[in-house]
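Descriptive structure summary
One letter stands for each residue in the lines below.
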2 protein chains.
Amino acid sequence: MSIRVGIYGYGNLGRGVECAIKQNDDMELVGIFTRRDPSTVKTALNSKVFSASSVLEFKDKIDVLVICGGSATDLPTQTPELSKYFNCVDSFDTHAKIPEHFNCVDKTCIENSTVSLISAGWDPGMFSLNRLYAQSVLSDSCFYTFWGKGVSQGHSDAIRRIKGVKDAKQYTIPIESALERVRNGENPTLSTREKHLRECFVVLEDGADSVAIENEIKTMPNYFADYDTTVHFISQEELIKNHSGIPHGGFVICSGKTGVNGENKHVIEYSLKLDSNPEFTASVLVAYARAVARLASEKAYGCKTVFDIAPAYLSKFSAEEIRKNLL
Amino acid sequence: MSIRVGIYGYGNLGRGVECAIKQNDDMELVGIFTRRDPSTVKTALNSKVFSASSVLEFKDKIDVLVICGGSATDLPTQTPELSKYFNCVDSFDTHAKIPEHFNCVDKTCIENSTVSLISAGWDPGMFSLNRLYAQSVLSDSCFYTFWGKGVSQGHSDAIRRIKGVKDAKQYTIPIESALERVRNGENPTLSTREKHLRECFVVLEDGADSVAIENEIKTMPNYFADYDTTVHFISQEELIKNHSGIPHGGFVICSGKTGVNGENKHVIEYSLKLDSNPEFTASVLVAYARAVARLASEKAYGCKTVFDIAPAYLSKFSAEEIRKNLL
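Residues numbered from 1 in each chain as written. Chains lettered and ligands numbered in written order. Predicted model: local features only at pLDDT ≥ 70, side-chain atom pairs only at ≥ 80, totals over all residues. Heavy atoms only, no water.

What follows covers the overall build of chain A. Looking only at helices and strands, one finds 11 helices and 14 strands in chain A. The C-alpha atoms of chain A give a radius of gyration of 22 Å, which matches the 20 Å a tight globule of 327 residues would have. Counting only C-alpha atoms, chain A reaches 65 × 60 × 35 Å along its principal axes. A burial count over chain A gives 57% of its 327 residues as buried. Put simply, of all contacts in chain A between residues at least 6 apart along the chain, 68% involve residues at least 24 apart. For chain A, the exposed surface amounts to about 13800 Å²; the carbon and sulfur share of it is 48%. (Helix = DSSP H or I, 4+ residues; strand = E, 2+ residues; numbered from the N terminus. Rg over C-alpha atoms; globule rule 2.2 N^0.38 Å. Buried < 20%, exposed > 50% of the residue type's maximum accessible area, 1.4 Å probe, protein only. Contact = heavy atoms within 4.5 Å. Areas by Shrake-Rupley, 256 points an atom, 1.4 Å probe, with all protein chains shown as cover.)

What follows is the structure, given as structure tokens:
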């Protein structure tokens, strides 16, 4: 019997989940729930669209609801509220607020006998798993996370808010020499500036002052001031042609020592190179939706994270098959 | 309270486990059990050594027994037999016989209310986990495993058995151009010869025929005939000086597609670069020993593999700590 999945919220991530469900033959999409007028939403695969306000009517028709809202304002209220009625998966990625979000969702899940998994995706998500596995195996170790090359939506938005900027795209780029030092097991202390570069492609409004804008970008606190930042002014056509994608990725590198006196060095490296950040994130959410459906059928109620899920729960193949073919 | 660990078998792997336990302050080593005369065994850290025949006297003093025998003849009998009395961890790595070994150990564990985890290490082990995670997240994907650069004990032994060979060391080396094609997401079909090279360092007995020996190595079925093999004849001094280590490592690379028509490509890469193959393997065994102790306290009896263990069970830190610091 298929796992019946609903999508709550339809932006880039919801669209990615819609496509990912189609790639998994043990799942079916019940419908997409939107706060917009459903008749105005054009989906990637002509899926059914319903009003978000009607979602409770689907209480017994959906095994797992994948919530595709944003971490800033949507998920902190949506995941606890929807966990009253549904098993849920979200991609909550405000690192500092994860403990609070967890406790809030856990309480709801326990009270309502549901299972919800928070903070799935690649960071938090696959990167978190690699940090945990590496640190657990190599006790005497340091780990480093690098992001990119990839588009940061938050930084792109920050540039677009500057007066005189028509459009912009910002890439976060890990610094190769820092990566090499970490890979060599040097365990360097790296400042923010030594880990990542920021490269900006900016389209100006007619008559805007490029020198002033470049300066405003490079000195913007929190976003750019602590980084070496390059600004390129280009035409809107060039931005559309060369910078329309939303690629991302990064590296988790852990180096540690073993032996009688730490005489042997080991380096564990995990990397992602993603053409589409939201579609990969969506693929992770869908794999964890499978795990959530199974945990719910086992009545393992409560809030979970990727740390709590045995890897076998993510696979559509049986325990025998994965032992035979993947172990 | 510390997790009380025993080591059964004391070769390179047992020595690695001895050192790894010292790196984990939530564990203590109860003793090393050997089939040799205990008084003849010199350990790395002056640990207590007992006769293997006395292990049953420690039934209530050991929480987890890490079995450090070989996969060919030791583990198929040792793990099922010792699982009657102890929770065990082994590194059984004969891929084709894993289902049989699993079933045998599982039966014993269920009958005797113990938990044993088989096939821990890096392959099987960490590499298996990465194959499973990647395949579960990217449904439309191919994965590849490459090994090396590293020492293959089996291939080194095969060379040493040739008449006229005094000593030898064999390195397995992944072919860079094949790695690149996989990283580019080409999903190539690669023959055995296209994936790995074999490089041999050989010390000859006095008067041995180097041409005949080089030919015998390169044409040896199963071991070398299907590979491009390089043979270097060197002195015993040079072998000791430059080739005494037992490094290893490798790569698991998965590339997959997402989107409406598979228009976006993603590459997941996991790699290990290990100065000491047995010490890293030992570190994995010890992390899984922690998980086994916890599962036993939850009475989750039976045989397990790395696929069945939620990552949080490997960490000495609490669920709250890992959510706060690693997620």
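Back to the write-up after that little detour.
With that settled, consider the interface of chain B and chain A. Across the boundary between the two partners, chain B contributes 69 residues, which contact 69 residues of chain A. In this assembly, chain B packs against chain A so that about 5900 Å² is buried in total across both faces, 61% of it on carbon and sulfur atoms. Scanning the region where chain B abuts chain A turns up 0 salt bridges. One can count 25 residue pairs in polar contact (both at pLDDT 80 or more) joining chain B with chain A. Element by element, the count of residues in the side of chain B that touches chain A is highest for strand β13 (residues 264-274) of chain B, at 11 residues. For the side of chain B that touches chain A, the residue count by class is 35 nonpolar, 18 polar and 16 charged. Bridge count between strand β13 (residues 264-274) of chain A and β13 of chain B: 9 bridges; the pairing is antiparallel. (Buried area = accessible area lost by both parts, 1.4 Å probe. Salt bridge = Lys/Arg side-chain N within 4 Å of Asp/Glu carboxyl O. Polar contact = N/O pair within 3.5 Å; in protein donor to acceptor, adjacent residues only side chain to side chain. Nonpolar A, V, L, I, M, F, W, Y, C, P; charged D, E, K, R; others polar. Pairing = 2+ DSSP bridges.)

Residues and elements named next belong to chain A. With respect to topology, 7 strands assemble into an open sheet ordered β3-β2-β1-β4-β5-β6-β14, the strand pairing being parallel. With partners counted over all chains shown, the strands left at the sheet margins are β3 (49-51) and β14 (302-304), one partner each. In this sheet, strand β4 (residues 64-67) lies alongside strand β1 (residues 3-8) in parallel orientation, the contact comprising 4 bridges. When the bridges of β4 are listed, G6 appears paired with L65. With respect to the sheet, helix α3 (residues 98-112) is in contact with β6 (115-117) and β14, its orientation differing from that of β14 by roughly 140°. (Axes fitted to C-alpha atoms, helices over the stretch in contact; angles between N-to-C directions.)

What follows deals with the pattern of salt bridges. Evaluated as defined, the whole model comprises 34 salt bridges over all chains. With its nearest N and O atoms 2.8 Å apart, the salt bridge here joins R131 of chain B to D123 of chain B. Residue R131 of chain B is classed as buried on the basis of its relative accessible area, which comes to 6%. For R181 of chain B, the salt bridge is made with E186 of chain B, and the minimal N-O distance between the two is 3.0 Å. By sharing partners, the salt bridges in this structure join E176, E180, R183 and E269 of chain A into a single network.

When chain B is fitted to chain A, the residual RMSD is 0.0 Å, and the transformation amounts to a turn of 180° plus an axial shift of 0.0 Å. Each copy turns onto its partner about a two-fold axis. Closest approach to the rotation axis within chain B is made by the C-alpha atom of A310 of chain B, at a distance of 1.9 Å. The share of interface residues of chain B whose copies in chain A are also at the interface is 100%, consistent with both copies meeting through the same surface. (Least-squares fit on C-alpha atoms with pLDDT ≥ 70 in both.)

The subject of this paragraph is helix α4 (residues 126-137) of chain B. All names here are of chain B. Compared with an ideal rise of 1.5 Å per residue, which puts 12 residues at 16 Å, α4 spans 17 Å between its outermost C-alpha atoms and is within 8% of the ideal. Of all 12 residues making up α4, 11 are buried, and the element is well covered by its neighbours. Within α4, the full set of buried residues consists of M126, F127, S128, L129, N130, R131, L132, Y133, A134, S136 and V137. (Expected span 1.5 Å × (residues − 1).)

Glancing now at the side chain of S283 of chain A. As for its placement among the helices and strands, S283 of chain A is situated in helix α10 (residues 277-297). With relative accessibility at 3%, the residue S283 of chain A sits in the buried group. Setting aside residues no more than four positions away along its own chain, S283 of chain A makes contact with A20 of chain A together with V137, L138 and T258 of chain B.

Here the focus is the environment of S113 of chain A. All names here are of chain A. Along the polypeptide, S113 turns up in the loop between α3 and β6. For S113, a relative accessible area of 39% corresponds to the partly exposed category. Sequence spacing of S113 and K299 is 186 residues, and the spatial spacing of their C-alpha atoms is 7.5 Å.

On to the packing of aromatic side chains, then. A full pass over the atoms with the stated rule returns 13 aromatic pairs over all chains. Taking the centre distance of 6.2 Å and the plane angle of 70° together, the rings of Y133 of chain A and Y133 of chain B count as edge-to-face. Taken together, the residues span two chains, with Y133 of chain A in helix α4 (residues 126-137) and Y133 of chain B in helix α4. Residue classification places Y133 of chain A among the buried positions, given a relative accessible area of 6%. Between K195 of chain A and the ring centre of F146 of chain A, over which it is positioned, the NZ or CZ distance is 5.2 Å. (Phe/Tyr/Trp six-rings, centres within 6.5 Å; stacked < 30°, edge-to-face > 60°. Lys NZ or Arg CZ within 6 Å of the ring centre and 35° of its normal.)

Before going further, it helps to spend a moment on the packing of helix α2 (residues 75-82) of chain A against α3 of chain A. Residues and elements named next belong to chain A. Interaxial distance between α2 and α3 falls to 8 Å at its minimum, and their mutual angle equals 20°. Overall, the two elements α2 and α3 adopt an arrangement that is roughly parallel. Along this stretch, α2 crosses α3, giving a crossing that reads as right-handed. Contacts from L75, P76, T79 and P80 of α2 reach α3 at H101, C104, V105 and T108. Looking at side-chain class alone, the contact of α2 with α3 contains 5 nonpolar, 3 polar and no charged residues. (Parallel < 35°, antiparallel > 145°, perpendicular 65-115°, else oblique. Left-handed = near helix turned anticlockwise from the far one by under 90°.)

Glancing now at the environment of L197 of chain A. Residues and elements named next belong to chain A. With respect to the helices and strands, L197 occurs in strand β10 (residues 196-204). It is 17 Å that separates the C-alpha atoms of L197 and E216, two residues lying 19 residues apart in sequence. Sequence-distant contacts of L197, defined by excluding residues within four places in its chain, comprise Y171, T172, I173, I175 and D228.

Residues and elements named next belong to chain A. With 8 of its 11 residues buried, helix α1 (residues 12-22) lies for the most part within the structure. When α1 is considered as a whole, its buried residues turn out to be L13, G14, G16, V17, E18, C19, A20 and I21. Turning to α1, the residues buried within the fold contact β1, β2 (27-34), β4 and α10.

Residue and element names in this part refer to chain A. Reading across from one edge, β8-β9-β10-β11 is the order of the 4 strands in this open sheet, with mixed pairing throughout. Either end of the sheet is taken by a strand with one partner, and the two such strands are β8 (150-151) and β11 (228-233). Inspection of the sheet shows β8 paired to strand β9 (residues 165-174) by 2 bridges, in the antiparallel sense. In the strand pairing of β9, G150 is matched with T172. The strands touched by helix α5 (residues 153-160) within the sheet are β8, β9 and β10, with β9 carrying the most contacts at an inclination of about 145°.

Looking now at unusual backbone geometry. Residue and element names in this part refer to chain A. P124 follows D123 through a cis peptide bond whose omega is 5°. Relative to the helices and strands, P124 resides in the loop between β6 and α4. Across the junction of G148 and K149, the peptide omega takes the value 0°, indicating a cis bond. Looking at the secondary structure, you find K149 in the loop between β7 (141-147) and β8. Located in the positive-phi region is S113, a residue other than glycine, with phi close to 55°.

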